Amino acid sequence: MSASVEGLRERMADLCAGAVDALEVTAGLEAEGINDEAAKDYGHPDVFALAEDLYARTPRRPPPPERTEAPWRPEPLRHLLRGVLFGLPGLCYVSGAQVLDGTGAGVLLVFSLLLSWAFSQGTAYLGYIRLGLMDRAAASGVLRYGLAGGTLVVVPATVGTGVLVGAGTMATALSAGLSVYLLSATAVQVDGAEAWLLPALLPGVAGGTLYLAGEGRPAAVWGAWAVSLAATVVLALLRTRGAGRPRVTRADLRAALPFALFGVLTGGLLTYTLLCALAGRPVPSGTTTVAVLSLSLSMGCAEWVLYAYRRRVHHLLRSHTGMAAFTRAARVALARALVQYLAALLAIIAVAGVVARLPATAVTAVTLGGFAALGCAFFLALVLQATGRVGAALAGYACALAAEAAATLALPDAAPATVQLAASCGLLVLLTTHAGRVLARATSHR
């Protein structure tokens, strides 16, 4: 060992111990005035070889990371409130079932939902982008014009389709009203006013609950839901008042398209069994209703688990300096989040199943299992979307929908619940594999 090299290492111990690689030591040596000629005095041909020697001799001792607050802070009450707000409108479908008794009415309802989900997802993306830039006025403009534009497109399209398929006046009014509610509720929630949306929904929820309990009249139920719809629209307009014209470029619209498509495909997967029922396939309606409502309610838990997961990964980035250790810890964190969401979803399904007195049959188990797998796939897609990787979720959703359509045509005797279970499990495996690979990279979380 060269005594002069050891002396130099001791003099530059802090730099060598905290260096990420030998090039950082090289830069430090050159800053000290040690060039290739000086390196030869230490027994090395150039400064790079000297830096490699110093880097190899020194144990790694990186400086402690700076203490920074994680941007992902779970807010349990807010997340649970959002879950309730996702699920409560489901009472409107249940209490309005008498006007949806027909293929045309059912097709119209699915069509209007898919169209309004597409507008809602695209508008929400554009609104969140502007909120992320701390430009609340621009965000309000996007939300207000998104609500107006969506209403001008969705309502006439719903009415026209209702006439074409013979859905009837009441079914058309119900579908159009729900679409306007979704567009208005999106503006309110992106603006962060969930707490005000709950009292707006209360008249409709109270009317629907009384009707289902056999205490209300149909006219009173429709009137109550109309009050809730009007209150939600007024709330959306009040929250976005004073907004200027939105500054949305073509690039913004192109960037929002994947999120609009995400809304359409999500709706397609969620309503697959409903479309099968409209086509005359055997679908247990009560079990399907419980599963859809449970999955909607679980979205609040999904958001809660997502925030906790992202906060955990943020801490992993600060506490790990080796890629292999970070990869293992990140995969464990993802698996833990998926298990937490699945436990919450199964608990909600169990409670809803007992309340609805679902029969303990194989068909019930297959139907609920299909929706549980679909819920887990939705959660993973939510995680991928939050980390800017919506493309993989879109591809997976499209493949799952294509598989369901192909199975429906090729296997006419196959039960829709079985087809959905197989497609949802395939989608879950695909997204789990992809998420486990890409979310184990540190760059996916920066």
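Residues numbered from 1 in each chain as written. Predicted model: local features only at pLDDT ≥ 70, side-chain atom pairs only at ≥ 80, totals over all residues. Heavy atoms only, no water.

(A) Examining the overall build of the protein chain more closely. A tally of helices and strands in the protein chain yields 19 helices and zero strands. Principal axes of the C-alpha set define a box for the protein chain whose edges measure 95 × 55 × 35 Å. The proportion of buried residues among the 446 residues of the protein chain is 46%. Considering only intrachain contacts with a sequence separation of at least 6, the fraction spanning at least 24 residues in the protein chain is 81%. For the protein chain, the exposed surface amounts to about 21,400 Å²; the carbon and sulfur share of it is 67%. For the protein chain, the separation between the mean place of its 33 positive charges and that of its 25 negative charges on side chains is 12 Å. (Helix = DSSP H or I, 4+ residues; strand = E, 2+ residues; numbered from the N terminus. Buried < 20%, exposed > 50% of the residue type's maximum accessible area, 1.4 Å probe, protein only. Contact = heavy atoms within 4.5 Å. Areas by Shrake-Rupley, 256 points an atom, 1.4 Å probe, with all protein chains shown as cover. Lys, Arg positive; Asp, Glu negative; His and termini not counted. Charge placed at Lys NZ, Arg CZ, Asp CG, Glu CD.)

(B) A look at the domain arrangement of the protein chain. The assigned domain composition of the protein chain is domain 1 (5-57), domain 2 (89-248) and domain 3 (258-445). With centres defined by C-alpha atoms, the gap from domain 2 to domain 3 works out at 24 Å. With 13 residues of domain 2 in contact, the opposing surface of domain 3 contributes 15 residues. Carbon and sulfur atoms make up 84% of the area that domain 2 and domain 3 hide from each other, which totals about 1,100 Å². Sorting the residues of domain 2 by area buried against domain 3 places Val 110, Trp 117 and Gln 121 first, and these three jointly supply 39% of that buried surface. Where domain 2 touches domain 3, the interface holds zero salt bridges. There are zero residue pairs in polar contact (both at pLDDT 80 or more) connecting domain 2 and domain 3. Where the side of domain 2 that touches domain 3 is concerned, the elements lending two or more residues are helix H7 (90-95) and helix H8 (103-132). Ranked by the residues each element gives to the side of domain 2 that touches domain 3, the list is headed by H8, at ten residues. Among the residues making up the side of domain 2 that touches domain 3, the classes are represented as seven nonpolar, six polar and no charged. (Domains from an automatic or database assignment. Buried area = accessible area lost by both parts, 1.4 Å probe. Salt bridge = Lys/Arg side-chain N within 4 Å of Asp/Glu carboxyl O. Polar contact = N/O pair within 3.5 Å; in protein donor to acceptor, adjacent residues only side chain to side chain. Nonpolar A, V, L, I, M, F, W, Y, C, P; charged D, E, K, R; others polar.)

(C) Summary view of empty space enclosed by the protein. Applying the stated rule across the entire model yields one cavity of 30 Å³ or more. Considering only enclosed or pocket space, the largest cavity measures out at about 40 Å³ in volume. Around the largest cavity, the lining residues are Phe 119, Ser 120, Thr 123, Leu 143, Gly 146, Leu 147, Leu 183, Thr 186 and Ala 187. When the residues that make up the lining of the largest cavity are grouped by side-chain class, the tally is five nonpolar, four polar and no charged. (1 Å grid on protein atoms, 1.4 Å probe; cavity = no way out; pocket = protein on both sides within 12 Å on 5 of 7 lines; lining within 4 Å. Points joined across faces, edges and corners; volume = space filled by probe spheres on them.)

(D) A look at helix H6 (residues 76-87). The first and last C-alpha atoms of H6 sit 17 Å apart over twelve residues, in line with the 16 Å expected at 1.5 Å per residue. Taken residue by residue, H6 has His 79, Leu 81, Arg 82, Gly 83, Leu 85 and Gly 87 as its buried positions. In this structure, the buried residues of H6 make contact with H7, H8, helix H10 (169-190), helix H11 (194-212) and helix H15 (285-319). (Expected span 1.5 Å × (residues − 1).)

(E) Structural context of the packing of helix H18 (residues 390-410) against helix H19 (residues 416-438). The N-to-C vectors of H18 and H19 enclose an angle of 160 degrees; their axes lie 9 Å apart at closest approach. Here H19 runs roughly antiparallel to H18, going by the angle between their axes. Judged by the twist between their axes, the crossing of H18 over H19 is right-handed. Contacts between H18 and H19 involve Ala 392, Ala 393, Gly 396, Tyr 397, Ala 400, Glu 404 and Ala 407 from the former and Val 419, Gln 420, Ala 423, Leu 427, Leu 430, Leu 431 and His 434 from the latter. Partitioned by chemical class, the residues of the contact of H18 with H19 number ten nonpolar, three polar and one charged. (Axes fitted to C-alpha atoms, helices over the stretch in contact; angles between N-to-C directions. Parallel < 35°, antiparallel > 145°, perpendicular 65-115°, else oblique. Left-handed = near helix turned anticlockwise from the far one by under 90°.)

(F) Representation of the pattern of salt bridges within the structure. In the structure shown here, the tally under the stated rule is eleven salt bridges. Arg 78 serves as the salt-bridge partner of Glu 75, at 3.7 Å between the closest nitrogen and oxygen. Look at Glu 75 and you get partly exposed, because its relative accessible area is 32%. Given the relative accessible area of 31%, Arg 78 is considered partly exposed. Residue Glu 303 is joined to Arg 82 by a salt bridge in which the shortest nitrogen-to-oxygen separation is 3.1 Å. Placement of Glu 303 in helix H15 and of Arg 82 in helix H6 is noted, with a sequence separation of 221 residues between them. With relative accessibility at 15%, the residue Glu 303 sits in the buried group. Here the salt bridges share partners, and the residues they tie into one network are Glu 75, Arg 78, Arg 82, Glu 194 and Glu 303.

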